[in-house]
There are 2 protein chains.
Amino acid sequence: MNVQAPASVEARTDRLVARMAEQELDCLLVTNLLNVRYLTGFTGTNGACIVTPDARLFLTDFRYVEQAAEQVRGYERLELGRDMLGDLAGRLHGRAGFEDSNVTVAQHAKLSESLSEGTELIRAGTPVESLREVKDPAEVAAMRAAAALADAAYRDMQERGLAGRTEREVAMTAVRLMEDMGADGPSFPPIVASGPAGALPHAVPRDVEIPSGVLVVVDMGARLDGYCSDCTRTFATGPVADAALEVYELVRNAQAEALAAVRAGAEAAAVDGVARAIIDAAGHGERFGHGLGHGVGLEVHEAPRVAKTATGELRAGHAVTVEPGVYVPGEFGVRIEDLVIVADGEPDVLTGFPKELVTAG
Amino acid sequence: MNVQAPASVEARTDRLVARMAEQELDCLLVTNLLNVRYLTGFTGTNGACIVTPDARLFLTDFRYVEQAAEQVRGYERLELGRDMLGDLAGRLHGRAGFEDSNVTVAQHAKLSESLSEGTELIRAGTPVESLREVKDPAEVAAMRAAAALADAAYRDMQERGLAGRTEREVAMTAVRLMEDMGADGPSFPPIVASGPAGALPHAVPRDVEIPSGVLVVVDMGARLDGYCSDCTRTFATGPVADAALEVYELVRNAQAEALAAVRAGAEAAAVDGVARAIIDAAGHGERFGHGLGHGVGLEVHEAPRVAKTATGELRAGHAVTVEPGVYVPGEFGVRIEDLVIVADGEPDVLTGFPKELVTAG
């Protein structure tokens, strides 16, 4: 990946500077690499930014000087010395914010040693992550393309069938297909969980053959230009018991109703509540043990949360999953997940694979 | 991976307790997941240990309770509550060490809020990483098997040839081959750098065809049962210029001599110096811009360092790379890397692929 940052990237730092003013920060040290990428376009494995109202510095070590020259826009580029933390600390001044969810205690101590007089390190929380919640058009385009790659991998499962293949082989084949179509890789290690394994909250694909006549939960996504997609579909590998079909339709209905409730201004907890009420009313409330969804972007799990305990409203440009599930221990699980962009009206659903029960025998 | 920890794993915590005594710690909170895995055998994505001279607690969330029951040995297993950091903090007492290179400033603040009276958080450095430097037989066996997978991928390159294939396809094919043979995955994204790209300190495989008559630097490894291998070989894709052949033989000689100097009790800096003196004497000293090697284990880069500025001696059981290189900007690069286990006599070389110049046309 040696792609130059689009112009919209520069506007992100303008928004960050406005946020820094609210926090009365004279400068902000950005060390989280995904945040550095978000602000500058840099995709290497070592780099940091120092942002002030008047100056934007990007720093990396000698290995990445050339790559940074190709990728980074809107930032002055500097080469880090061997004592990287000392070098960064010496460039801070005044009320100097740092990302306290990223900087370790040991790094903080090193930074503290090299501060110039009058400089104070301030815990700044996660200001860049907050900006990242609302996606711009270039980000939405990357996520839409990533979602399309995953859709193709689901279609491939439907065409080849799942019964008689191992969970591990199904997962690996899907990953390779997405990579062959251009994905950077999977957005996380896929879940392929058949029969009773579908009811486990955390299932690693096994070297066991998927039988006929069971439900199979497949949760996966692609990463493209750094951006993640995330999708879950539950397949049948032949006729399944009526109880499983009923739960499938229940989850499908809960997913559709929750999706219809997604719009700018909706309380995240209330959207979760739409799906939860439907599943509760059917007597399966205890079997939906996770939140309805989560934000997706450069990370497959990021802000905002969409859950019973979430606070705050959905905003236009939020990228969130809508993924209710019902897990019947020892028997089966059902989860259906779309990735959507919140809008003032109906959400923009990035996931394209059908949600009626697909039999992949 | 649902493999139970071998018995030797339990002895690791005994050694940790001895180290804690030197640091006068009443307990140690271990949060680095690789360190948790090293001590307990647990391979999930959320877990922590609290070690005291008398008690060994392993804690994870509800998702991993079943997996922990299968994997964790020698530790009492507990389920973490929703407030995970608060839950952990409440179980600490006295002089309570924490891994300050792993715990963030925000996590430290959260821990501090929930300490019981008389408990003091102490920066403990990296005591588990120090133990991890010396491998036990189970670890060496895993690394030997991982190295054999990479060897097979190098043989595959030799057989198929490299000219006319893209760097990206060569890298992807190697990764898939290692996975098909049982690897968890690559130990890091492979480097395949042909011609002038071989001289770049950091080269990402490109979508460009590898020409005939150039050198190609291939640096890669497999991960197996969590353990990494790391190997570099430089291929030719046909007859290359004499200057390139001379540099190849220079690097090969420097690598062989440095390898012969690897033994328990040798100063790490002196071993680096053996290769550096040979390359210096040939007038290429400025073109060997990195250290001779690094430790390998659960991470592909871990302690100890083998470099000009390294302090300390090699010890029996250290797993280190020996990888001199010469990089001629704009022309080509040569690097040859073996992974070895330090012993009292000759090192145990885990890498098996030949080191004479192999032509893969």
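Heads up: the structure comes first, above all this text.
These numbers were taken from a predicted model, which means no experiment stands behind them.

Asker: Can you walk me through the interface of chain B and chain A in this structure?
Answerer: Interface extent is often summarised as the accessible area lost during association of the parts. In this complex, chain B contributes 26 residues to the contact, which on the side of chain A involves 26 residues. Across the interface of chain B and chain A, roughly 2200 Å² is buried in total on both sides, 55% from carbon and sulfur atoms. The tally of links from chain B across to chain A stands at four salt bridges. The residue arginine 176 of chain A makes a salt bridge to aspartate 180 of chain B at a minimum N-O spacing of 3.1 Å. Listed by contribution, the elements that provide at least two residues to the side of chain B that touches chain A are helix 3 (65-71), helix 5 (105-113) and helix 8 (167-180) of chain B. Examining the composition of the side of chain B that touches chain A, we find that five residues originate from one element, helix 8 of chain B, more than from any other. Residue composition of the side of chain B that touches chain A, grouped by class: twelve nonpolar, six polar and eight charged.

Asker: Looking at this model, I keep getting lost on the side chain of threonine 351 of chain A. Mind explaining?
Answerer: All names here are of chain A. Relative to the elements of secondary structure, threonine 351 occurs in the segment after strand 19 (348-349). Looking at threonine 351, its side chain comes within polar contact range of the main-chain nitrogen of leucine 339, at 2.8 Å. Among residues more than four places away in sequence, those in contact with threonine 351 are Asp151, Cys231, Arg233, Glu337, Asp338 and Leu339.

Asker: What's the story with the pattern of salt bridges in this structure? I'm lost.
Answerer: Pairs can form between side chains of opposite charge whenever their charged atoms are close. Counted according to the given criterion, the structure contains 44 salt bridges over all chains. A salt bridge links arginine 132 of chain A to glutamate 302 of chain A; the nearest nitrogen and oxygen atoms lie 2.8 Å apart. Of the two residues, arginine 132 of chain A sits in helix 6 (residues 127-132) while glutamate 302 of chain A sits in strand 14 (residues 302-306), which places them 170 residues apart along the sequence. Judged by relative accessible area, arginine 132 of chain A falls into the buried class, the value being 2%. Between arginine 123 of chain B and aspartate 100 of chain B there is a salt bridge; the shortest N-O distance is 2.8 Å. Placement of arginine 123 of chain B in strand 6 (residues 120-123) and of aspartate 100 of chain B in the loop between strand 5 (95-98) and helix 5 is noted, with a sequence separation of 23 residues between them. What makes arginine 123 of chain B partly exposed here is its relative accessible area of 46%. One connected set of salt bridges, linked through shared partners, spans Arg132, Lys135, Glu299 and Glu302 of chain A.

Asker: Would you explain the relation of the copies chain B and chain A in this entry?
Answerer: One copy of the chain maps onto the second through a rotation about an axis and a displacement along it. For the pair chain B and chain A, the best superposition has an RMSD of 0.0 Å and corresponds to a rotation of 180° with a translation of 0.0 Å parallel to the axis. Both copies of the chain, as the preceding transformation shows, are related through a two-fold rotation axis. Closest approach to the rotation axis within chain B is made by the C-alpha atom of threonine 104 of chain B, at a distance of 1.9 Å. Counting the interface residues of chain B, we find that 96% of their copies in chain A are interface residues as well, pointing to one common contact surface.

Asker: How should I be thinking about the sheet that holds strand 10 (residues 222-224) of chain A in this particular structure?
Answerer: Residue and element names in this part refer to chain A. Reading across the sheet, the three strands line up as 7-10-11 and stay open at both edges, with antiparallel pairing between neighbours. Among the strands making up the open sheet, the edge pair consists of strand 7 (185-186) and strand 11 (227-228). Taken together, the two bridges between strand 10 and strand 11 define a ladder with antiparallel strand orientation. Bridge pairing links arginine 223 to cysteine 228 in strand 11. Together, strand 10 and strand 11 form the strand contacts of helix 7 (residues 137-160), whose direction differs from that of strand 10 by roughly 140°.

Asker: What exactly am I supposed to notice about the side chain of threonine 234 of chain B here?
Answerer: Residue and element names in this part refer to chain B. Residue placement: threonine 234 occurs in strand 12 (residues 231-236). Taking the relative accessible area as the measure of exposure, threonine 234 reaches 2% and is therefore buried. A distance of 2.7 Å separates the side chain of threonine 234 from the backbone oxygen of arginine 335, its partner in a polar contact. Threonine 234 has contacts with Leu215, Val216, Val217, Tyr248, Gly333, Val334, Arg335 and Leu357, leaving out every residue within four places of it along the chain.

Calculation notes
Residues numbered from 1 in each chain as written. Chains lettered and ligands numbered in written order. Predicted model: local features only at pLDDT ≥ 70, side-chain atom pairs only at ≥ 80, totals over all residues. Heavy atoms only, no water. Contact = heavy atoms within 4.5 Å. Buried area = accessible area lost by both parts, 1.4 Å probe. Salt bridge = Lys/Arg side-chain N within 4 Å of Asp/Glu carboxyl O. Helix = DSSP H or I, 4+ residues; strand = E, 2+ residues; numbered from the N terminus. Nonpolar A, V, L, I, M, F, W, Y, C, P; charged D, E, K, R; others polar. Polar contact = N/O pair within 3.5 Å; in protein donor to acceptor, adjacent residues only side chain to side chain. Buried < 20%, exposed > 50% of the residue type's maximum accessible area, 1.4 Å probe, protein only. Least-squares fit on C-alpha atoms with pLDDT ≥ 70 in both. Pairing = 2+ DSSP bridges. Axes fitted to C-alpha atoms, helices over the stretch in contact; angles between N-to-C directions.

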